[in-house]
Amino acid sequence: MKLKDKKIAFGLTSCFYTFKNTISEMKNITLEGGKIIPIMQEDTYNTDSKYGKALDFTKQIEKLSNKKIITSKEELEKIKMDITVIAPCSRNPHCKTCKFYI
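What you see is a predicted model, and the numbers here were worked out from it, not measured in a lab.

## Side note on the pattern of salt bridges
The full count for this structure, using the stated rule, is two salt bridges. Each of Lys4, Asp5 and Lys35 takes part in a single network of salt bridges with overlapping partners.

## Observations regarding the environment of Ile39
Note that Ile39 resides in strand E2 (residues 35-40). Ile39 sits in the buried class, given a relative accessible area of 1%. Placed 28 residues apart in sequence, Ile39 and Gly11 show a C-alpha to C-alpha distance of 4.5 Å.

## Overview of the pairing of strand E1 (residues 7-12)
With respect to burial, E1 is a largely interior element, five of its six residues being buried. When E1 meets E2, the two strands line up parallel, connected through six bridges. Counted as the bridge partner of Ile8 is Ile36 from E2. Running through helix H1 (residues 19-31), the crossover from E1 to the neighbouring parallel element E2 is right-handed. Sheet topology places E1 next to strand E3 (residues 83-87); five bridges connect them, and they run parallel. Within the sheet, the bridge partner assigned to Ala9 lies in E3 and is Thr84.

## Comments concerning H1
Given a rise of 1.5 Å per residue, 13 residues ought to cover 18 Å, and the 18 Å separating the end C-alpha atoms of H1 matches this to within 8%. Those residues of H1 that fall on the buried side of the exposure criterion are Phe19, Thr22, Ile23, Met26 and Ile29. Buried residues of H1, seen end-on, are gathered within an arc of 110° and therefore sit on one face of the element. In this structure, H1 carries Lys20, Asn21 and Leu31 as exposed residues pointing more than 90 degrees from its buried face.

## Notes on helix H3 (residues 54-65)
The end-to-end C-alpha distance of H3 is 16 Å, a good match for the 16 Å that 12 residues give at a rise of 1.5 Å each. Listed as buried for H3 are Ala54, Phe57, Thr58, Ile61 and Ser65. Taken down its axis, H3 places every buried residue within 95° of arc, on the same side. Away from its buried face, by an angle of more than 90 degrees, H3 presents the exposed residues Leu55, Lys59 and Lys63. Turning to H3, the residues buried within the fold contact E1, H1, E2 and helix H2 (42-46). Residue Asn66 follows H3 closely and has a positive phi angle near 60°.

How each quantity is defined
- Residues numbered from 1 in each chain as written.
- Predicted model: local features only at pLDDT ≥ 70, side-chain atom pairs only at ≥ 80, totals over all residues.
- Heavy atoms only, no water.
- Salt bridge = Lys/Arg side-chain N within 4 Å of Asp/Glu carboxyl O.
- Helix = DSSP H or I, 4+ residues; strand = E, 2+ residues; numbered from the N terminus.
- Buried < 20%, exposed > 50% of the residue type's maximum accessible area, 1.4 Å probe, protein only.
- Pairing = 2+ DSSP bridges.
- Right-handed = clockwise from strand over helix to strand, strands pointing away.
- Expected span 1.5 Å × (residues − 1).
- Arc of directions from axis to C-beta.
- Contact = heavy atoms within 4.5 Å.

Here it is, written out as structure tokens:
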């Protein structure tokens, strides 16, 4: 599949240990011409962990995508996307405890 000019909604879950590799894959997508639309739940967006500071990760992601990270269902409903990625998808993304569905 060619990613050039595809809008790719990229939802990052709170598996902080995967952020380094996930950001690397996001970079690969942008190198192929894909347009990353970063998405995080607000608690993931604001949480520091032993794997790094939230602000460091969010700055990297926003710089890479050239977009502010979407953190609310209302913002998410306004965007149009060609592809949705949830990384990692280690649980049911449509479970009742999720704050928004992608």
